[in-house]
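Survey of secondary and tertiary structure
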Amino acid sequence: KVPLIERSLSLLLDLGLFEGERLHAYVRELLAAKGVHTFGDLAHSGGLQVIVSDVTTRQLLVLPRDAHVLGVEPDELELALAVRMSASIPIFFEPVRFENPRTRETHLLVDGGMLSNFPVWLFDRTDGEQPARPTFGLLLVEPEPSVPVGDRLAPSRMIGRGPRAVIDYLKALAETVMEAHDRQYVEQATFARTIPIPTLGIRTTEFDLDRGRALDLYDSGRRAAAEFLARWDFDAYLAQYRGRTHSRRASVAAALRGDNAARARGLW
């Protein structure tokens, strides 16, 4: 029962069942081997964006862009630490406690998926122009969306009382939120630029996969990508999803410039 007591204390004192420091050290070691420590060490730091939920300020942070919220310059933020923040699934992992060196305020930072679990919008152009190249999203989806979320999660032991029941209850809450958040996107999105990868029944928090199941999931992704790319048509995507938005914004811009010729052509 010692592990149960330790986990109960960890949850009560540190707000998570597992520390997450092994992940932090592992990622830091891999990056250091390539000479990368901070976002500033990346050749194209603007291309990598890490999503984090700031529980203290109740907002979504896009790092390194929003590093100023934490009192740090974007290029000076440690990359491995940002990954550790983004991987901190509530309840399962302790949140990262980060003290703002300017305000001395402590930020509790957790998995960005709590607020935006599929942030493909980060790569969209904001100037109204058509993209020069497509952006594809890779989304792990359940094999049968019509099956209720509860039927896919492992049976919990929430019946009863005591530390075990509390831990199972909180874990079930976290799993339900993560699974339901993914499902909401799956049911509402058009999948125009999303490659849905069947999970083969593997849950978000199933960390003890054996090599065989991991390879099955890899093959599932490879097949899904091949099928998607075989039927992808970038021109058709632009015409259907970008055409009207682009024309509308262009016409408004023309009107603001007083472009009478544009008005005569019926663009405004």
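Computed from a prediction, not measured in an experiment: that's the story for all the values here. (Residues numbered from 1 in each chain as written. Predicted model: local features only at pLDDT ≥ 70, side-chain atom pairs only at ≥ 80, totals over all residues. Heavy atoms only, no water.)

1. Focus: the overall build of the chain
What the chain contains, in helices and strands, is 8 helices and 8 strands. Residues classed as buried in the chain amount to 37% of the 268 residues present. When contacts within the chain are restricted to residue pairs at least 6 apart in sequence, those whose partners lie at least 24 apart make up 68%. (Helix = DSSP H or I, 4+ residues; strand = E, 2+ residues; numbered from the N terminus. Buried < 20%, exposed > 50% of the residue type's maximum accessible area, 1.4 Å probe, protein only. Contact = heavy atoms within 4.5 Å.)

2. Examining helix α6 (residues 211–231)
Between its first and last C-alpha, α6 extends 31 Å over 21 residues, near the 30 Å set by a 1.5 Å rise per residue. Buried within α6 we find Ser220, Gly221, Ala224 and Phe228. The arc that holds the buried residues of α6, viewed along the axis, is 95°, so those residues lie on one side. For α6, the exposed residues set more than 90 degrees away from the buried face come down to Arg211, Tyr218 and Ala230. Along its buried surface, α6 packs onto β8 (194–198). In this structure Asp210 caps α6, since a side-chain oxygen of it lies 3.1 Å from the backbone nitrogen of Gly212. (Expected span 1.5 Å × (residues − 1). Arc of directions from axis to C-beta. Polar contact = N/O pair within 3.5 Å; in protein donor to acceptor, adjacent residues only side chain to side chain.)

3. Thoughts on the pairing of strand β6 (residues 106–111)
Pairing of strand β2 (residues 50–54) with β6, which is carried by 3 bridges, proceeds in the antiparallel orientation. Considered in β6, the bridge of Val52 is made with Asp111. Of the strand pairs in this sheet, strand β5 (residues 96–99) and β6 are connected by 4 bridges, and their pairing is antiparallel. Counterpart to Arg97 in the pairing with β6 is Leu108. (Pairing = 2+ DSSP bridges.)

4. Comments concerning the side chain of Asp66
Tracing the backbone shows Asp66 in the loop between β3 (59–63) and α3 (79–86). Residue classification places Asp66 among the buried positions, given a relative accessible area of 12%. When residues no more than four places from it in sequence are discounted, the contact partners of Asp66 are Leu60 and Leu61.

5. Structural notes on the pattern of salt bridges
If you walk through the whole model with that rule in mind, you get 7 salt bridges. Glu21 is the salt-bridge partner of Arg84, the closest N and O atoms lying 3.6 Å from each other. Placement of the pair is Arg84 in helix α3 and Glu21 in helix α2 (residues 21–32), with a sequence separation of 63 residues. For Arg84, a relative accessible area of 3% corresponds to the buried category. Judged by relative accessible area, Glu21 falls into the partly exposed class, the value being 41%. (Salt bridge = Lys/Arg side-chain N within 4 Å of Asp/Glu carboxyl O.)

6. Quick word on the environment of Leu109
As for its position among the elements, Leu109 is in strand β6. Placed 56 residues apart in sequence, Leu109 and Ser53 show a C-alpha to C-alpha distance of 5.7 Å. In this structure Leu109 touches Val52, Ser53, Asp54, Leu61, Leu70, Met85, Ser88, Pro95, Val96 and Phe98, once residues within four positions along its chain are discounted.

7. Observations concerning the nonpolar core
Leu63, Leu70, Met85 and Leu109 are the most contacted members of the largest nonpolar core, which has 21 residues in total. Every element with two or more residues in this core is listed here: α2, β2, β3, α3 and β5. Among the elements that take part in this core, α3 stands out by supplying 5 residues, more than any other. Non-local contacts of Leu63, meaning those with residues more than four positions away in its chain, are made with Phe39, Leu48, Gln49, Val50, Val52, Leu70, Leu77, Ala82 and Met85. (Core = buried A, V, L, I, M, F, W, Y, C linked by side-chain atoms within 4.5 Å.)

8. Observations concerning the packing of aromatic side chains
In the structure shown here, the tally under the stated rule is 6 aromatic pairs. Taken together, a centroid distance of 5.4 Å and an interplanar angle of 40° make the contact between Trp232 and Tyr237 tilted. Aromatic side chains Phe234 and Tyr237 sit 6.3 Å apart centroid to centroid with 15° between the ring planes, which places their arrangement in the stacked category. Taken together, the residues span about one helical turn, with Phe234 and Tyr237 both in helix α7 (residues 234–256) at a distance of 3 residues. (Phe/Tyr/Trp six-rings, centres within 6.5 Å; stacked < 30°, edge-to-face > 60°.)

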